[in-house]
Amino acid sequence: MLKKTNIILALAGAAVLMTGSPVLAQDATTPPAATAPAATAPAATPAPAATTETDPGNVGDAVGGEGHGDITPISMFMEAGLVVKVVMIGLVLASIFSWTILLIKIFEFGGLNRKTDQFLESFRGARTIADMRRVATSDEFDGNPLADMAAAATEEVELSRQAGLSVTGEHRDSALFRAQSAVAAVQAGLAARLSGGQQFLASTGSVGPFVGLFGTVYGIMNSFIGIAQSNTTNLAVVAPGIAEALLATGIGLFAAIPAVIFYNYFNTRISAYGTRSDGFSAELLNAISRQLDKGA
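Predicted model, so just to flag it, every value in this text is computed and none were measured. (Residues numbered from 1 in each chain as written. Predicted model: local features only at pLDDT ≥ 70, side-chain atom pairs only at ≥ 80, totals over all residues. Heavy atoms only, no water.)

A. The pattern of salt bridges, seen in detail. As enumerated under the stated definition, the model contains 6 salt bridges in all. Residue K105 is joined to E108 by a salt bridge in which the shortest nitrogen-to-oxygen separation is 4.0 Å. In this pair, K105 and E108 are both assigned in helix α6 (residues 82-123), 3 residues apart and thus about one turn of the helix distant. By relative accessible area, K105 is classed as buried at 2%. (Salt bridge = Lys/Arg side-chain N within 4 Å of Asp/Glu carboxyl O. Helix = DSSP H or I, 4+ residues; strand = E, 2+ residues; numbered from the N terminus. Buried < 20%, exposed > 50% of the residue type's maximum accessible area, 1.4 Å probe, protein only.)

Following this line, the structure appears as structure tokens:
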């Protein structure tokens, strides 16, 4: 019983000492307070890092400087290799020739249709084969395809008459057949005359893109060789050479697309005039046959 009493008195004394000494209680709570500055210290360290901004000059140097911002087609042409330059010059000349053919043939067809309308008006006013021949051989319609057809047909009839053949009698059919053959010969030459320049347009339209592609492939090949020799993959170093090579393909398309358009356009015009000449051929032979039946 005495031992239990001593233990209880010891515990009570310890409790009194703990509550009665504020210094010990304060020392027990100070360690968490002391750790507070250590916890906030890392938050203050990003300040120096925030002051390190990216230098625009360094970025410009990394991408090759501001000089590449002034790249133009002319500067790319001047910096291109010899083979690529030859390809570009050839394609530019082909494009110039295509536009020249366009202008020439537009004026040619415009004048041709205007003269043809005037000739048909005069031809339909003729009353005899001699009148038809006079209109067809006049200087006003010199070189007009329909006038040439009328002149050839009437000349055959006149030559048959001068040979003593009865063009209004027993030799009528043979004279008319010869006139028809003369008209067909003029029409055969008409197709070759009107299709002048079409072969060049067709060649430019079909070959131009491939010629430009050849220049591009050659230029890119040289660019990759230069990349390997310089031992760099910087886009600012690689891009100008590739752009110069791609310019060849662009010029090839610039030459080919108008050439194809012009070729199709003039094919339509040639076909339309060919149909017109076929109609006049029938009209001419009918008029000659009618005059022969009348004995003119």
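Let's pick the thread back up.
B. Representation of helix α10 (residues 198-230) within the structure. With 33 residues, α10 extends 48 Å from end C-alpha to end C-alpha; this agrees with the ideal 48 Å at 1.5 Å per step. At V207, α10 shows its maximal bend, which comes to roughly 40°, and the proline P209 appears one to four places after that position. Among the residues of α10, those classed as buried are Q198, L201, T204, G205, G208, G212, G215, T216, G219, S223 and I227. The first or second residue beyond α10 is N231, which carries a positive phi of 60°. (Expected span 1.5 Å × (residues − 1). Bend = angle between axes of the 7 residues up to and from the residue.)

C. Region of interest: the packing of α6 against helix α7 (residues 129-136). At a minimum axis distance of 10 Å, the contact between α6 and α7 shows a crossing angle of 160°. The angle between α6 and α7 falls in the class roughly antiparallel. Crossing of α6 over α7 shows right-handed handedness. From α6, F119, S122 and F123 reach across to α7, where they touch M132, V135 and A136. (Axes fitted to C-alpha atoms, helices over the stretch in contact; angles between N-to-C directions. Parallel < 35°, antiparallel > 145°, perpendicular 65-115°, else oblique. Left-handed = near helix turned anticlockwise from the far one by under 90°. Contact = heavy atoms within 4.5 Å.)

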